[in-house]
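Residues per chain, in single letters:
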2 protein chains.
Amino acid sequence: MTTYEREIYAVITTSNEHLTVEQIFAEVRKTYPRVVLATIYNNVNKLCKAGLIRRVSVEGIPDRYDRIQKHDHLVCRRCGELADITFEDLTASLRETVGDTFLSYDLKVFYLCPRCRKK
Amino acid sequence: MTTYEREIYAVITTSNEHLTVEQIFAEVRKTYPRVVLATIYNNVNKLCKAGLIRRVSVEGIPDRYDRIQKHDHLVCRRCGELADITFEDLTASLRETVGDTFLSYDLKVFYLCPRCRKK
DNA sequence: ATATATTTTAGAATCATTCTATCTTATATG
DNA sequence: CATATAAGATAGAATGATTCTAAAATATAT
C-alpha cells in the first residue's frame, strides 16, 4: 500500500459519513497539502478494485465511498443525503433466483430524511 | 400529452430493452426527423416526474428508461447490460424497517450475463 | 548503481446532462 | 376570430464529475 492509499483508506473507513472524492481530497489535503484531485480518483478506484472500499452511486450526485462491511443505504429523495440501514441479507435468496452467476447486490431505499420531513 | 411525450412514452413502453436517451432519440427520429436531443431529455424527465416511466441509473453508463411496472434489474458486472428479474416485493418489509417516511426502493443484482460468462 | 515499474502530478479531454435564449405551437380569453 | 399568454421545441453553449495523457517523481528489482 502506498502512502496515499493508506491515507485515503483511513479517511474513508474512519468517517461516519459517505464521502465524495472532493471531501476525501479536502481531508487528505490537511495532511498532504500537495496532493492532487486525480490522485484521489486513482486511489479510490484502486481501493474499489481491490475490494477494500465500495462506491455508492446515487443518481444526480457525485459518487461516494464507503466501508465494505455489509449494509444497505437509505437515500433521501429530497436532498440526496445517505444513511445506513441493515436490512436482512438477500444473498442466499438472490443466488437461488439468479443462479451461480450471481455476484452481489445493491439495495437502495428511498425515504424522506428527518430534516426534509419537517419542511 | 404532447406529440413527443406520447411518442417517447410509446417507444419506451413497447421496447423490451432498457433504452438510453440516444436510443430513444434514434427511434423517435425515424418518425420525426427534425426532433432534437434536448427534447428527448425534456420529455423523459417530464414523464419520470409524472410517474409514467422510470429512470434506471447504473454507474458509469448513461441512464436508461423503463416501464414502471414493478420489477428489479440484473446488471452484468462485465458489460453493463441490463435484464429484468422479478424478486419478491420488499415494500412491506422495508416500510416496517424504515417507518412511514419510506417511499420506494431500488434493487440491483450484479451478475455475469450469459454472453460474458462464456468469455 | 542502474534499469524498470509504479505512482503522482498537471492539465486537457470526455461525455452525459442541463441550461439559456429564441422560436414555434397550442390554449385561453375578450 | 384575433390576440395574449403559456407551454413546448430548437440550437447550441455550459456544466461538472470523471477519465485520460504525458511528463515528472518515486519506489522496486536486478
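This one's a predicted model, so the numbers in the text were calculated from it and none came from an experiment.

1. Things to note about the nonpolar core
Logical step 1: If you look at the biggest cluster of nonpolar residues, it comprises 28 residues, and the most contacted ones within it are Val109(A), Leu107(B) and Val109(B).
Logical step 2: Breaking this core down by element, the ones donating at least two residues are β4 (72-76), α4 (91-98) and β6 (102-111) of chain A together with β4 (72-76), α4 (91-98) and β6 (102-111) of chain B.
Logical step 3: Setting aside chain neighbours within four positions, we find Leu107(B) in contact with Leu90(A), Leu94(A), Tyr105(A), Asp106(A), Leu107(A), Asp72(B), His73(B) and Phe87(B).

2. Points about the protein's contact with DNA strand D
Logical step 1: Among the 13 residues in the neighbourhood of DNA strand D, the closest are listed as Tyr41(A), Asp63(A), Tyr4(B), Val36(B) and Thr39(B).
Logical step 2: Close to the protein, within 4 Å, the atoms of DNA strand D are drawn from sugar and phosphate at a rate of 88%.
Logical step 3: At a separation of 3.3 Å, a phosphate oxygen of DNA strand D approaches a polar side-chain atom of Asn45(A).
Logical step 4: Side-chain polar atom of Asn43(B) to a phosphate oxygen of DNA strand D: 3.3 Å apart, as the coordinates give it.
Logical step 5: Going through the elements one at a time, α3 (37-49) of chain A together with α3 (37-49) of chain B are the ones with two or more residues in the surface near DNA strand D.
Logical step 6: Counted by class, the surface near DNA strand D contains 5 nonpolar, 5 polar and 3 charged residues.

3. Let's talk about the relation of the copies chain B and chain A
Logical step 1: If you rotate chain B by 180° and push it 0.0 Å along the axis, it lands on chain A with an RMSD of 0.0 Å. Between the two chains, the operation in question is that of a two-fold axis. Closest approach to the rotation axis among the C-alpha atoms of chain B is made by Leu107(B), whose C-alpha sits 2.3 Å away.
Logical step 2: Take the interface residues of chain B: 100% of them recur as interface residues in chain A, which is what a same-surface contact looks like.

4. Remarks on the protein's contact with DNA strand C
Logical step 1: Close to DNA strand C lie 14 residues; Tyr4(A), Val36(A), Thr39(A), Tyr41(B) and Asp63(B) are nearest.
Logical step 2: Sugar plus phosphate: this is where 84% of the atoms of DNA strand C within 4 Å of the protein reside.
Logical step 3: Within the backbone of Val36(A), one N or O atom sits 3.4 Å away from a phosphate oxygen of DNA strand C.
Logical step 4: Contact distances for DNA strand C include 3.2 Å between a phosphate oxygen and a side-chain N or O atom of Asn43(A).
Logical step 5: Elements that contribute at least two residues to the surface near DNA strand C include exactly α3 of chain A together with α3 of chain B.
Logical step 6: With 5 residues, α3(A) is the single largest residue contributor to the surface near DNA strand C.
Logical step 7: Of the residues belonging to the surface near DNA strand C, the class tally is 6 nonpolar, 5 polar and 3 charged.

5. So, the interface of chain B and chain A
Logical step 1: Between chain B and chain A, the residue contacts involve 28 residues of the former and 28 residues of the latter.
Logical step 2: Three residues, Glu59(B), Phe87(B) and Thr101(B), lead the burial of chain B against chain A; their summed loss comes to 21% of the area buried on that side.
Logical step 3: Summed over the shared surface of chain B and chain A, the number is 4 salt bridges.
Logical step 4: Note that Asp100(A) and Arg117(B) form a salt bridge whose closest N and O atoms lie 3.1 Å from each other.
Logical step 5: In this assembly, chain B and chain A are joined by 14 residue pairs in polar contact (both at pLDDT 80 or more).
Logical step 6: Secondary-structure elements contributing two or more residues to the side of chain B that touches chain A are α4 and β6 of chain B.
Logical step 7: Counting residues per element, the side of chain B that touches chain A draws most heavily on β6(B), which supplies 10 residues.

6. With respect to the packing of aromatic side chains
All names here are of chain A.
Logical step 1: In this structure the tally under the stated criterion is 2 aromatic pairs over all chains.
Logical step 2: Between tyrosine 4 and tyrosine 32, the aromatic rings sit 5.4 Å apart at their centres with planes inclined by 70°, giving edge-to-face as the arrangement. Note that tyrosine 4 is positioned in helix α1 (residues 3-14) and tyrosine 32 in the loop between α2 (21-31) and α3, a separation of 28 residues in sequence.
Logical step 3: Judged by relative accessible area, which is 26%, tyrosine 4 ranks as partly exposed.
Logical step 4: Between the NZ or CZ atom of arginine 77 and the centre of the ring of phenylalanine 110, over which it lies, the distance is 4.0 Å.

7. Details of the domain arrangement of chain A
Residue and element names in this part refer to chain A.
Logical step 1: When its domains are assigned, chain A resolves into domain 1 (3-67) and domain 2 (72-118).
Logical step 2: Here the C-alpha centre of domain 2 lies 21 Å away from the C-alpha centre of domain 1.
Logical step 3: Taken over both partners, the interface formed by domain 1 and domain 2 buries close to 630 Å², and the fraction arising from carbon and sulfur atoms is 59%.
Logical step 4: Linking domain 1 with domain 2 are 0 salt bridges, by the criterion used here.
Logical step 5: Mapped onto the side of domain 1 that touches domain 2, the elements with two or more residues apiece are β2 (53-56) and β3 (64-67).

Each value, and the rule that gives it
- Residues numbered from 1 in each chain as written.
- Chains lettered and ligands numbered in written order.
- Predicted model: local features only at pLDDT ≥ 70, side-chain atom pairs only at ≥ 80, totals over all residues.
- Heavy atoms only, no water.
- Core = buried A, V, L, I, M, F, W, Y, C linked by side-chain atoms within 4.5 Å.
- Buried < 20%, exposed > 50% of the residue type's maximum accessible area, 1.4 Å probe, protein only.
- Helix = DSSP H or I, 4+ residues; strand = E, 2+ residues; numbered from the N terminus.
- Contact = heavy atoms within 4.5 Å.
- Near = heavy atom within 4 Å.
- Polar contact = N/O pair within 3.5 Å; in protein donor to acceptor, adjacent residues only side chain to side chain.
- Nonpolar A, V, L, I, M, F, W, Y, C, P; charged D, E, K, R; others polar.
- Least-squares fit on C-alpha atoms with pLDDT ≥ 70 in both.
- Buried area = accessible area lost by both parts, 1.4 Å probe.
- Salt bridge = Lys/Arg side-chain N within 4 Å of Asp/Glu carboxyl O.
- Phe/Tyr/Trp six-rings, centres within 6.5 Å; stacked < 30°, edge-to-face > 60°.
- Lys NZ or Arg CZ within 6 Å of the ring centre and 35° of its normal.
- Domains from an automatic or database assignment.

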